[in-house]
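# Results of the structural survey
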Amino acid sequence: MPDFIASIRQVMGMSAAFSAYVRRHPLSYALLSGLATSMLVFASSSFTELSQDSAWLLMTTTGVAAATAVLGAATPFGRTGSRTGRLREQAAGQNISRVMESLDDGLLLFDAEERLITCNDIARQIFPEVTQRQASGGLMDLGDLANMIAAHNGRSESGLIGLDLAGAALHLLRKQGAAEMLSIRGTEWYRVTARQTEDGSHLIVFSDMTEFVDRGLKLKESEARFERLAEHLPGAILRRQERANGSFTFDYWNGGIRDLTGLEPDHFVGDLENLLKQVHADDREEVRQRFEQGDRSQASWSMEFRILHARRSAKWVSLTMRARLNRIGRAVFEGILLDITERKQVEQTIRRAHEEAEKGSQAKTNFLANMSHELRTPLNAVIGFSEMMMHQTLGPLNPPKYREYAGDIRGAAVHLLDLISDILDLSRHEAGQFELRETTLDANELLKECERFFSTRAQQRGMAFQVRLSAEPVKLRVDHLRIRQIMLNLISNAMKFTDDGGSILIEVRLDPSGPQLRVQDTGIGMDKPQIAKAFEPFGRVESQLTSGREGTGLGLPLSAVLAEHHDGELLLESEPGRGTLAILQLPDHRLLRKRQRGMRECA
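Residues numbered from 1 in each chain as written. Predicted model: local features only at pLDDT ≥ 70, side-chain atom pairs only at ≥ 80, totals over all residues. Heavy atoms only, no water.

### Description of the overall build of the protein chain
Heads up, the condition is: Helix and strand definitions follow DSSP, with helices as H or I runs of at least four residues and strands as E runs of at least two, each counted in order from the N terminus. Burial classification: accessible surface area is computed with a 1.4 Å probe over protein chains only, and a residue below 20% of its type maximum counts as buried, one above 50% as exposed, and the rest as partly exposed. Throughout, a residue-residue contact means that at least one pair of heavy atoms, one from each residue, lies within 4.5 Å. In these tables, accessible area is a Shrake-Rupley quantity obtained with a 1.4 Å probe, and a residue counts as shielded only by the protein chains included in the view.
The helix and strand tally for the protein chain stands at 18 helices and 19 strands. Buried residues in the protein chain amount to 40% of all 603 residues. The contacts of the protein chain with a sequence gap of at least 6 include a subset with a gap of at least 24, amounting to 58%. Accessible surface, the protein chain as shown: approximately 33400 Å² in total, 53% of it carbon and sulfur.

Have a look at this one:
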């Protein structure tokens, strides 16, 4: 820019110096005016289409050319060879050269006969042959430049090469105002601009666009790669952008929407209505409201709805929209639309199967509840009559073996009645019909009751049966019958899986988390998988140590259920060969009165 200003100042100085002369020589003035006018017209027509540097050069060249024209016009009428004139000519030429060399574009200036007048170093770097010709004194014209373009592995945007390219390039260089992108050496891209003055001179500008073209090619490759990847992704990919007026529009859909709807992606570009037309009528308004809500909040969202296919039945789809802001602060939603028809069908199948299972379970519960009376009545009769026969209420029963049989009948009937009761309790729990009848229970009294019930049997087997009571009464708000049932089940299991001569301890504890009823034995014990199986209905633990030990596998699961209904839990701690500790843990709110912990042992 300083060189340009200096050139203008020198041009103005030369104009002032020669103003008096040209007034005395009208012919020179006329020639000067014509040339300056043509250059100014040329500059004004070219300024907007050249790069900034090239445009400044053109303006400088115009001004200096006018000064040179003054010198040229004055020469026939003035003093040829004037030292002052030659110095001014030389200064103007040097200024033009410095300006040309300071530019980033390649510049070549040809005269009306298409012969090269001058060029800058950038042009020489693009075409090294120019330097060679200038050094050898050879001439160069526009045709030579066109051939150089083709010789340097040139190629046009339309794909022309070789002689075809040379011919097209020559046409371009001669055409006023022409501009085209040309590739040279296969890797360099230039915007070639040709301008022609009224006197026929040609200014050719090569603007390096390689970096710009490379970025564009990389962008196209990236977009093409994304398109190929998107075509292989399941479902459809879409983009919804905010306009300047605040409304939203779909500006991109990939080919996945074709599989979902049978329509081309262009069908859905634009307004939301294009998509809503393909949404199932029952879901359409909900989809509209969800889009409008998302547009207002500019937050990510998702939903499921049905979409119509042009030739097939409707599909279930899942739409997920992710929100972000673009570089100018407008909202952009990028989404994916997935076909979830198969998943919906599986869900429907599972739901139907669940409903059928619920119906079957309800039917089972109803059957057991209805049959309870029919099952209990004959069993109670069997138990009652067998007891009469055992006690010979109506007279002697001979032979005596019959009394033993009567005892066996009673024992089997009682066992069957207990089993039916357990099954009914589990059924009520599964049906949600289980109810507690809560009363106040003294835990110490319950343990004493259990001791009376099992002590005789323990003595017969040589077992030590111990009871550890609290120093003061422990009052619990529970269902007395159900807590008693739990303890009887736990003690029965302890006796069942403890060999003769072993020991059983039952106790009450006040733990920080709440009252505990504990049953500990020295039996065969269990590992963790066996403990898990023991809590399953009818889940009997099978091993060499348990063979021959009777049981239905309902006592422990039912006890766990009863504990759960009291907001508590049943815990088992056990190791094979080291016995088992069963803990009925009740919540603190079940304890009516807390006492200082004290223990006394009863054997």
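On we go from here.
### Examining helix α18 (residues 555–565)
When you tally the buried positions in α18, you get eight out of eleven residues, the bulk of the element. All of the buried residues in α18 are Gly555, Leu556, Pro557, Leu558, Ser559, Val561, Leu562 and Ala563. Phi turns positive one or two residues past the end of α18, at Asp567, with a value near 65°.

### What about the sheet that holds strand β4 (residues 179–184)?
For clarity, the cut-off: Only strands that DSSP links by at least two bridges are regarded as paired with each other. Lines fitted to the C-alpha atoms define the axes, with helices restricted to the stretch that makes contact. Angles between their N-to-C directions range from 0 to 180 degrees.
As summarised here, the arrangement of the six strands in space is β2-β1-β6-β5-β4-β3, forming an open sheet in which the pairing is antiparallel. Two strands lie at the open edges of the sheet, namely β2 (116–119) and β3 (155–156), each paired on one side alone. In the sheet, strand β5 (residues 188–196) pairs with strand β6 (residues 202–208) via seven bridges, with the strands oriented antiparallel. Looking at β6, one finds that Val192 is bridged to Phe206. Across the sheet, helix α7 (residues 142–151) is in contact with β1 (106–110), β4 and β6; its angle to β6 comes to roughly 20°.

### Things to note about the sheet that holds strand β8 (residues 248–253)
Strand order in this open sheet of five strands is β8-β7-β11-β10-β9, and the pairing throughout is antiparallel. The open sheet is flanked by β8 and β9 (301–307), the only strands paired with a single partner. For this sheet, the mean inter-axis angle between neighbouring strands, taken without regard to orientation, is 25°. Relative to strand β10 (residues 315–325), β9 runs antiparallel, the two being bridged by seven bridges. Residue pairing for β10: Phe305 is matched across the bridge by Val317. Against the sheet, helix α12 (residues 281–297) contacts β7 (236–242), β8, β9, β10 and β11 (331–339), and its axis sits at roughly 155° relative to β9.

### Here we look at the packing of aromatic side chains
Note the following rule: Aromatic pairing here means that ring centres of Phe, Tyr or Trp (its six-membered ring) are within 6.5 Å. Orientation follows from the plane angle: under 30 degrees is stacked, over 60 is edge-to-face, and everything else is tilted. Charge over a ring is defined by NZ of Lys or CZ of Arg lying within 6 Å of the ring centre and within 35 degrees of the ring normal.
Going through the model one piece at a time under the given rule, you end up with ten aromatic pairs. With centroids separated by 5.3 Å and ring planes inclined at 50°, the aromatic side chains of Phe250 and Trp253 adopt a geometry described as tilted. Taking relative accessible area as the criterion, Phe250 reaches 1% and is therefore assigned buried. Through pairs of rings, three or more aromatic residues link up here, namely Phe250, Trp253, Phe268, Phe291 and Trp301. When the ring centre of Trp316 is taken as origin, the NZ or CZ atom of Lys344, which lies over that ring, is 4.6 Å away.

### Points about the pairing of strand β16 (residues 514–521)
Within β16, seven of the eight residues are buried, which leaves the element mostly enclosed by the surrounding structure. As defined by bridge partners, strand β15 (residues 503–511) adjoins β16 across eight bridges and the pair is classed as antiparallel. Looking across to β16, one finds that Ile504 is bridged to Asp521. Counted along the chain from β15 to the antiparallel partner β16, the turn is two residues long. One ladder, built from five bridges, connects β16 with strand β18 (residues 580–585); its direction is antiparallel.

### Quick word on the confidence of the model for the protein chain
As a reminder, the rule being used: Residue-level confidence of the predictor, termed pLDDT, takes values from 0 up to 100.
The predicted model of the protein chain has a mean per-residue pLDDT of 79, with 76% of residues at 70 or higher. Predicted confidence for residues 64–81 stays below pLDDT 50, and this span has 29 contacts to residues more than four positions away or in other chains.

### Here we look at the pairing of β10
If a strand is regular, its side chains alternate between the two faces of the sheet. As paired elements, β10 and β11 share nine bridges and run antiparallel to each other. Looking at β11, one finds that Ala323 is bridged to Phe333. Counting the residues that bridge the hairpin from β10 to β11 gives five residues, and of these Gly329 lies at a positive phi of roughly 85°.

### Observations regarding the packing of helix α15 (residues 443–460) against helix α16 (residues 480–496)
Condition: In what follows, roughly perpendicular refers to angles from 65 to 115 degrees, roughly parallel to angles under 35, roughly antiparallel to angles over 145, and oblique to any angle outside these ranges. Definitions for this section: a left-handed crossing has its near helix turned counterclockwise from the far helix by less than a right angle. A right-handed crossing has that turn clockwise. Lys, Arg, Asp and Glu make up the charged group, whereas Ala, Val, Leu, Ile, Met, Phe, Trp, Tyr, Cys and Pro make up the nonpolar group; the residues left over, Gly among them, are polar.
The N-to-C vectors of α15 and α16 enclose an angle of 30°; their axes lie 11 Å apart at closest approach. In this view, α15 runs roughly parallel relative to α16, as classed from their interaxial angle. Here α15 runs over α16; the crossing is right-handed. Residues Leu446, Leu447, Glu449, Cys450, Phe453, Phe454, Arg457 and Ala458 of α15 touch α16, and the partners they reach there are His480, Ile483, Arg484, Met487, Leu488, Ile491, Ser492 and Met495. Along the lines of polarity and charge, the residues of the contact of α15 with α16 split into eleven nonpolar, two polar and three charged.

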